[in-house]
Protein chains: 4
Amino acid sequence: MALSVEKTSSGREYKVKDLSQADFGRLELDLAEVEMPGLMACRTEFGPSQPFKGARISGSLHMTIQTAVLIETLTALGAEGETLEEYWWCTERCLDWGAGGGPDLIVDDGGDATLLIHEGVKAEEEFEKSGKVPDPESTDNPEFKIVLTIIRDGLKTDAHKYRKMKERLVGVSEETTTGVKRLYQMQESGTLLFPAINVNDSVTKSKFDNLYGCRHSLPDGLMRATDVMIAGKVAVVCGYGDVGKGCAAALKQAGARVIVTEIDPICALQALMEGIQILTLEDVVSEADIFVTTTGNKDIIMVDHMRKMKNNAIVCNIGHFDNEIDMNGLETYPGVKRITIKPQTDRWVFPETKTGIIVLAEGRLMNLGCATGHPSFVMSCSFTNQVIAQLELWNEKATGKYEKKVYVLPKHLDEKVAALHLGKLGARLTKLTKSQSDYISIPVEGPYKPAAYRY
Amino acid sequence: MALSVEKTSSGREYKVKDLSQADFGRLELDLAEVEMPGLMACRTEFGPSQPFKGARISGSLHMTIQTAVLIETLTALGAEGETLEEYWWCTERCLDWGAGGGPDLIVDDGGDATLLIHEGVKAEEEFEKSGKVPDPESTDNPEFKIVLTIIRDGLKTDAHKYRKMKERLVGVSEETTTGVKRLYQMQESGTLLFPAINVNDSVTKSKFDNLYGCRHSLPDGLMRATDVMIAGKVAVVCGYGDVGKGCAAALKQAGARVIVTEIDPICALQALMEGIQILTLEDVVSEADIFVTTTGNKDIIMVDHMRKMKNNAIVCNIGHFDNEIDMNGLETYPGVKRITIKPQTDRWVFPETKTGIIVLAEGRLMNLGCATGHPSFVMSCSFTNQVIAQLELWNEKATGKYEKKVYVLPKHLDEKVAALHLGKLGARLTKLTKSQSDYISIPVEGPYKPAAYRY
Amino acid sequence: MALSVEKTSSGREYKVKDLSQADFGRLELDLAEVEMPGLMACRTEFGPSQPFKGARISGSLHMTIQTAVLIETLTALGAEGETLEEYWWCTERCLDWGAGGGPDLIVDDGGDATLLIHEGVKAEEEFEKSGKVPDPESTDNPEFKIVLTIIRDGLKTDAHKYRKMKERLVGVSEETTTGVKRLYQMQESGTLLFPAINVNDSVTKSKFDNLYGCRHSLPDGLMRATDVMIAGKVAVVCGYGDVGKGCAAALKQAGARVIVTEIDPICALQALMEGIQILTLEDVVSEADIFVTTTGNKDIIMVDHMRKMKNNAIVCNIGHFDNEIDMNGLETYPGVKRITIKPQTDRWVFPETKTGIIVLAEGRLMNLGCATGHPSFVMSCSFTNQVIAQLELWNEKATGKYEKKVYVLPKHLDEKVAALHLGKLGARLTKLTKSQSDYISIPVEGPYKPAAYRY
Amino acid sequence: MALSVEKTSSGREYKVKDLSQADFGRLELDLAEVEMPGLMACRTEFGPSQPFKGARISGSLHMTIQTAVLIETLTALGAEGETLEEYWWCTERCLDWGAGGGPDLIVDDGGDATLLIHEGVKAEEEFEKSGKVPDPESTDNPEFKIVLTIIRDGLKTDAHKYRKMKERLVGVSEETTTGVKRLYQMQESGTLLFPAINVNDSVTKSKFDNLYGCRHSLPDGLMRATDVMIAGKVAVVCGYGDVGKGCAAALKQAGARVIVTEIDPICALQALMEGIQILTLEDVVSEADIFVTTTGNKDIIMVDHMRKMKNNAIVCNIGHFDNEIDMNGLETYPGVKRITIKPQTDRWVFPETKTGIIVLAEGRLMNLGCATGHPSFVMSCSFTNQVIAQLELWNEKATGKYEKKVYVLPKHLDEKVAALHLGKLGARLTKLTKSQSDYISIPVEGPYKPAAYRY
């Protein structure tokens, strides 16, 4: 169900690309909707009052079936919704709402739309002051080169475009670690031009993305890529944060003996309390069958480790970038031979031992490369956070509640996102009585926990 | 790794079909060998003494990478090994070892080779007596029609062929429920022509095929077919035999709430002891998200159940035949609409409710239809049983130990199969001392358990 | 609730010994009844028809609250029920029903009543033939010495007593490994005098006594004896039969890292499939925190192992006799010092290292010594087997179905025992349809599995 | 090992009370030391440098074996350590270090010592100003009445005592929820007289006290109090915070079917992701066998619920106060009859149904009432936090780092507490390289996580 979809000219329909049958596209949407109960519950609860009536929302998102369900949800709540393709010119296009200026709200994923506006405003001001236009050659970063080019070209037709956009913009909600990091940097340097809500650190976003999502998709990726029986194997999980916890749980439950490596003594102690051994990679490198990196750091499994592994040991990364595994060291190892078993599954044979290891997804995220990424239910959690954040920004647009700063989604809205998913799972919540509420000094309607609560 | 392979003309090499690179075929074999440690351990332990020297073994098996590892193992132990394709004429071909007569031993899978010989001998004797040849039109069973045709045609060239075969044949080992059932019927009717070893009921065969195999392949099939998040769902497993136990464990561990239906109070009590609720299908049909049949019986989930399920409930079978699910009732339901989401994954929409259910693999075994069947490690257990059974038949060929009956693989050989898999998993067994052995009246080298031990 | 109870003179009431309040005794019975749903269901189902009307049943059982519930159940079904205390003279007494001869049925536990009758008959016949009386001094076994004394003394008053008993006796049901072993020996030597049903090997007896019972009582005993936190510890379980499986599961679930030692490769492979490492005791003796023997064999943990253990390592036995742990070697170790921490919990300090180990229950069964043995629910399974076996013997007394042999409880009755426990646990069984029953050739009312089914 | 101990006159030795053998007391300490590896590691790491040289530390703690290990640790680090008994006059006594004034540091548990000093200072100032002495009759709170009495009596002999104490005092560390709450109230009202470190919210304190501690002690308490078989039962856990998570995990692993009640949708969603059903108490009150409250709120299980429960349903509290269960409603229910089965285990019979429920520990914390509270390992985590906090206060006494505020223990010290426990559990941590440290902007030596990290 990772099929890509596109919006039709009507602006209200999505068609599955590369598939001839329109029915098929709708079918995929139907299926995704059942698995995205948070978004569907938003439609039921907020649809009738049309809270986004009159709001223009630009979504800077990769188009997938799940994204289509998000956008249909925003429009079901009254918004006009533009969607973006994956390239920078699309980002620019989608911010363009014609003569009337830009969007009221932005749903951002990676911070691209936010970056473009900030750079645009900076360039327009510089241009007004000194006549200077941005020089794409001033940067080595190929992405940023394109951004500067787009802005430079735009200056010729309208030198106030991004500033008009900024004026109109009520705020942005952002769901990725990368995008959020950039927002906090802008806040710190005092350059943030509009309010931003960080939904990346909502409990309902982060636990699903990391813990529950990877618990699902690690075995999925392993089985699709290698068909290996996990039971009976020794599996090493590097890191025991939320991703590592999810991976270790999945492997343990599938019958593997799991060993964890950690730098953080608290996380190490947590693993021990679950009966999981804590060792260093060096201790176990020649005995284990499966290696998974989950750290978000670099240089976790080096080529020198890989040389010592058992024949056909499986090495994969579900943490962050592909530099968790020393792919460069592997690729440049003298005499190493790469044999592609199938796409995303390579065997690398070392010349001195003639034994090989199996590397998944070329060291990149294996749940994306070898499986289909997060299931729709996980995306439902992320996207419901987005919808709720957009509602909050829009409802408070006139109150001044949100300044030009980055805000974590308020706890009671994080709880709201969870609540919107419970019905589909058949759950029935208990309600605080007034007297209980008074006793523990917690409002009947929540939030039920302090900000730092660890869940 | 479910790629099909074929034997080359040399008789000692296997090439992956439909793949241009010879390297690729070998690579697949290399990978499978690592995951089939029982067969590799057989080569190490028995290879040097060449116990099958001079033996002709015909394997009536579907050709897969795993089968290739089996055949290479038999030949590594000194056998000449013929392999069979999937159709009856291949069965006949593979029993034909030229002028010298047939094979010494048969590795059977479904009882086809055994059936052909028995029917051949019967026909030759009838022909000798009455001149009558088999009439393919005498049966409605299309498979049996072919068998009779092959035998009829063979009679013209050699009317003693199957009888010569029978004379030479030392025995057969059989690994399927179906094949074993037929053998016991022949034994009962006194028509069995040679000794047979039933490896289907070895612990190391049945637990892996059923419990561990399905614990692996049920979630694999579910994820490949539907990408559904299992956590949080309500899953109904019909039946709590070994297959059901494996499925329930896998679903529970993935975070589903599992409900089991059972007819057998002992199995029901076992489920309860694991915290699993026992209800009838009627009790939960409208609340559950996933339904899995594991019974080996028919008419488990009827169209009338399916009509009452939630929209996009998933229905699948990992038990035996596709009649566990009432596919006929579904297909003939007035106005029902079938929409193929992708191969092996169909949505069936009921006209009155407009809601649909997702049926996997058209009701047939979903781990074969939607995933790649058993992982190599499971096949290693089955095939090591075959090798050990063949060795036993061959070693005892002159002793009269095995009469024209069906034998379960002796317990100590079942234990041997297990032992051959331990090294790869890093296990170190304890040895009984002589004094301990005397104390519990169990030989130092096993068998360690009585025949009826339940494991 | 391990309080001992005694039958009152009325023969229908039981009073808790050593407790002054009669209410208290009844209360304990009330509590036990709720936890013994199989026996209560027997009363409901069979009580109205009074199947034991006229039957005298002698129970040779240790008196506990659970035994009292059993006896009240037998009487509720119409029997006259005698109960036995723990010594041989009680056994003799309880077989004595006055002038009318002995009991019709015996519920035996350890085979004592059975032994007494067999020895009695043998002695009477010898006495009649040669005038010789048994000589208690002819044996070193102190138990047997008492048996011979009782018989010798009895001969003086009635030299036909045991033979009259034998004539009347319909059969015995026996629930212990020891008692069953003796019965099979009698059967083999042709000396068994009446039919016997072995309920020890019923699934509903053995799985509860071993797997589920020990999964419950091992952590119970550990916590009561030592208050040790199990999470984070390394625990070694010697043996992975049903007892070992229960112990390993309990320790794993409590957060220990479990290592198993095994002699049987099949059981070892089962452990590996659950992610449990298989090593020898020597491999881990100096690293582990908790050691549990479950083998039923002797000399598992020797003093030489114990000397190498970590300070305050815990050593205990839940298998069979105390010789699983080398208590003799420990007690006679030169200079060893025993310090009793509390009853059933000793610290043994080795002189050379000054470090000590904690031995529970002096090496005897730790769930009896340090906890309260099996919970009532487990005893309900055992005792319901007894009731069902008694009913079977009584109902078939005139049909000749049971000869002077040992019979395992028929599968459908084993299933009946399970069924009688389901209601209390809220389970709802599915019923086979006639058409399904025909399809798999299994009666609608069971038995549902072949005799050798492994569960 | 919950034996109470007392300090000997030498001030360096602890003797087990009510036990005649001195050996026995030392033995208990030896056992506890093995289970309190964090404290022992403190002695090894910090002992040689005697960081507390010259420091007087008063510990306002209940005396247990574990407390004795704490105090011996503080003295091993160079401190003079006074210990307190359980009553207010002891609190006063232990703050009295003779002429030289009070302690330098306080280890508080419940905030008693802190309260006494604050009230003392307040009273002295009032007395100096107006001559008024505190009036014990001014309060209804019996505890506070004693505090005022002690202060009033003290004023007569030394009217500057508490103010001198305050001057000398470097700070306090506090480990209970109650004590911490009071500290924050003082901080808020600006009345806090010295720095305070809240160790209650350290990860290594709270996870062990709540999650891991209760996962251990809930089944312990259930089994000791009732001997009930947990497998097969339906258990309701009210609340799914850390305590509830621990309880639910323990019950599930023991084979119960667990149902959770929750008010917080996020926690509810977490339960669902583990396959646990979320219902209201009303939904399941008449079906469940075991009820556990874990909420920290009041009025969770009311007498009206209890009336509807099954006969002999077990009701217990492991949350906070006994008002989680409506004990008052139960006790005053017309005609209700209480029968004590054994201490801490009562059966309450309702007059109209004659059925009864089993209430543990009179509704108070059942792991304290029916088992022995937290195991030593859990206390090791709490007390190592205390030692580390004391070290931090003492080391920073001259730097002004800590003002008259409440501080959570800094993350790197929380991590230190964890690290001090790893060695005993055989763990081997990985170390960040300089280059990895730079890459993720985290110091090589930690802290490794942001303050709000959820673990």
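Residues numbered from 1 in each chain as written. Chains lettered and ligands numbered in written order. Predicted model: local features only at pLDDT ≥ 70, side-chain atom pairs only at ≥ 80, totals over all residues. Heavy atoms only, no water.

*Asks:* Where do I start with the domain arrangement of chain A in this structure?
*Replies:* Quoted interface sizes are often the accessible area lost when the parts come together. Per the domain assignment, the segments of chain A are domain 1 (20-201 + 375-409) and domain 2 (212-370). Between domain 1 of chain A and domain 2 of chain A, the C-alpha centre-to-centre distance is 35 Å. (Domains from an automatic or database assignment.)

*Asks:* How should the UniProt feature "domain: S-adenosyl-L-homocysteine hydrolase NAD binding" (unreviewed entry) in chain A be read in this particular structure?
*Replies:* As recorded in UniProt, the sites labelled "domain: S-adenosyl-L-homocysteine hydrolase NAD binding" (unreviewed entry) are residues 210-373 of chain A. End C-alpha atoms of residues 210-373 of chain A are separated by 12 Å, and the span's content is 34% helix alongside 23% strand. (UniProt positions renumbered as here; feature names shortened; annotations may be inferred. Helix = DSSP H or I, 4+ residues; strand = E, 2+ residues; numbered from the N terminus.)

*Asks:* Please clarify how the pairing of strand β5 (residues 105-108) of chain C should be interpreted in this entry.
*Replies:* Consecutive side chains along a regular strand alternate between the two faces of the sheet. All names here are of chain C. By the alternation rule, side chains of β5 split into Leu105 and Val107 and Ile106 and Asp108, which are all buried. Here strand β3 (residues 56-60) runs beside β5; their pairing, made up of four bridges, is parallel. From the neighbouring strand, Ile57 faces β5, where its bridge partner is Leu105. Note that β5 and strand β6 (residues 171-174) share four bridges and pair parallel. Directly across from Leu105, in β6, lies its bridge partner Gly171. (Buried < 20%, exposed > 50% of the residue type's maximum accessible area, 1.4 Å probe, protein only. Pairing = 2+ DSSP bridges.)

*Asks:* In this structure, what is going on with the relation of the copies chain A and chain D? I would like to understand it.
*Replies:* Mapping between the two chain copies consists of a rotation about an axis together with a translation along that axis. If you rotate chain A by 180° and push it 0.0 Å along the axis, it lands on chain D with an RMSD of 0.2 Å. Expressed as a symmetry operation, the mapping of one chain copy onto the other fits a two-fold axis. For chain A, the residue whose C-alpha comes nearest the rotation axis is Arg454(A), separated from it by 2.0 Å. The residues that chain A uses at the interface reappear at the interface of chain D in 100% of cases, marking a shared surface. (Least-squares fit on C-alpha atoms with pLDDT ≥ 70 in both. Contact = heavy atoms within 4.5 Å.)

*Asks:* Is there a simple way to think about the interface of chain C and chain A in this case?
*Replies:* On the chain A side, the residues contacting the 11 residues of chain C number 11 residues. Here chain C is connected to chain A by zero salt bridges. The interface formed by chain C and chain A includes six residue pairs in polar contact (both at pLDDT 80 or more). Here the residues of the side of chain C that touches chain A sort into five nonpolar, four polar and two charged. (Salt bridge = Lys/Arg side-chain N within 4 Å of Asp/Glu carboxyl O. Polar contact = N/O pair within 3.5 Å; in protein donor to acceptor, adjacent residues only side chain to side chain. Nonpolar A, V, L, I, M, F, W, Y, C, P; charged D, E, K, R; others polar.)

*Asks:* Help me understand the confidence of the model for chain A in this model?
*Replies:* Low pLDDT means the predicted coordinates in that region are not meant to be read closely. All names here are of chain A. A residue-level look at chain A finds 91% of positions with pLDDT of 70 or above and a mean pLDDT of 91. Confidence drops under pLDDT 50 across residues 1-5; counting only partners more than four residues distant or on other chains, this segment forms 24 contacts. The ipTM, which scores confidence in the relative placement of chains, is 0.93 for this predicted complex, and the corresponding pTM is 0.94. (pLDDT = per-residue confidence, 0-100.)

*Asks:* Help me understand the packing of aromatic side chains, please; the structure alone is not making it clear to me.
*Replies:* When we look at a pair of aromatic rings, we describe it by the centre distance and by the angle of the planes. All names here are of chain A. Counting across every chain of the model gives 20 aromatic pairs over all chains. Here Tyr333 and Phe350 contribute two aromatic rings whose centre-to-centre distance is 5.2 Å and whose plane-to-plane angle is 90°, an arrangement assigned as edge-to-face. In this pair, Tyr333 sits in the loop between α14 (327-331) and β13 (337-342) while Phe350 sits in the loop between β14 (345-349) and β15 (356-360), placing the two residues 17 residues apart along the sequence. Take Tyr333 and Phe350: they sit in the same class, and that class is buried. Taken together, the ring pairs connect Phe208, Tyr212 and Phe377 into an aromatic cluster. Over the ring of Tyr453 we find Lys449, and its NZ or CZ is 5.2 Å from the ring centre. (Phe/Tyr/Trp six-rings, centres within 6.5 Å; stacked < 30°, edge-to-face > 60°. Lys NZ or Arg CZ within 6 Å of the ring centre and 35° of its normal.)

*Asks:* Explain the environment of Thr353(B) here, please?
*Replies:* All names here are of chain B. Its place among the elements puts Thr353 in the loop between β14 (345-349) and β15 (356-360). Overall, the relative accessible area of 39% leaves Thr353 in the partly exposed class. A polar contact of 2.9 Å, which involves the side chain of Thr353, links it to the side chain of Thr355.

*Asks:* In this structure, what is going on with the packing of helix α2 (residues 37-46) of chain D against helix α17 (residues 411-422) of chain D? I would like to understand it.
*Replies:* Geometrically, a packed helix pair is captured by the angle between its two axes and the distance between the axes. Residues and elements named next belong to chain D. Where α2 meets α17, the axes come as close as 8 Å, and the angle between the chain directions of the two elements is 95°. Judged by the inter-axis angle, α2 sits roughly perpendicular to α17. Here Pro37, Gly38, Ala41, Cys42, Glu45 and Phe46 of α2 lie close against α17, whose contacting residues are Lys416, Leu420 and His421. Grouping the amino acids of the contact of α2 with α17 by side-chain chemistry returns five nonpolar, two polar and two charged. (Axes fitted to C-alpha atoms, helices over the stretch in contact; angles between N-to-C directions. Parallel < 35°, antiparallel > 145°, perpendicular 65-115°, else oblique.)

*Asks:* Is there a simple way to explain the sheet that holds strand β8 (residues 234-238) of chain A in this structure?
*Replies:* All names here are of chain A. Read across the open sheet, the eight strands follow the order β10-β9-β8-β11-β12-β15-β14-β13; overall the sheet is mixed. Looking at the sheet topology across the chains shown, the edges are occupied by β10 (277-278) and β13. Note: β13 against β14, five bridges, orientation antiparallel. Counterpart to Thr340 in the pairing with β14 is Asp346.

*Asks:* Would you mind going over the environment of Asp322(B) with me for this structure?
*Replies:* Residues and elements named next belong to chain B. Note that Asp322 resides in the loop between β12 (313-317) and α14 (327-331). The class for Asp322 is partly exposed, based on a relative accessible area of 30%. Along the chain, Asp322 and Val180 lie 142 residues apart, while their C-alpha atoms are 20 Å from each other. The contacts of Asp322, once residues within four sequence positions are left out, are Asn317, Met327, Glu362, Gly363 and Arg364.

*Asks:* What's the story with the sheet that holds strand β10 (residues 277-278) of chain B in this structure? I'm lost.
*Replies:* The strands that make up a sheet pair up through hydrogen bonds in the backbone, lying either parallel or antiparallel. Strand order in the open sheet formed by eight strands is β10-β9-β8-β11-β12-β15-β14-β13 (chain B), and the pairing between neighbours is mixed. Two strands in the sheet have a free side with no partner beyond their single neighbour: β10 and β13 (337-342) of chain B.

*Asks:* Is there a simple way to think about helix α6 (residues 142-157) of chain C in this case?
*Replies:* Spacing of three or four residues puts side chains on the same side of an α-helix, whose turn is 3.6 residues. Residues and elements named next belong to chain C. Here α6 spans 24 Å end to end across 16 residues, near enough to the 22 Å set by a 1.5 Å rise per residue. Taken together, the buried positions of α6 are occupied by Val147, Leu148, Ile150, Ile151, Gly154 and Leu155. Taken down its axis, α6 places every buried residue within 160° of arc, on the same side. Summarising the geometry of α6, the exposed residues directed more than 90 degrees from the buried face are Pro142, Lys156 and Thr157. N-capping of α6 is provided by Asn141, with a side-chain oxygen placed 2.8 Å from the backbone N of Glu143. (Expected span 1.5 Å × (residues − 1). Arc of directions from axis to C-beta.)

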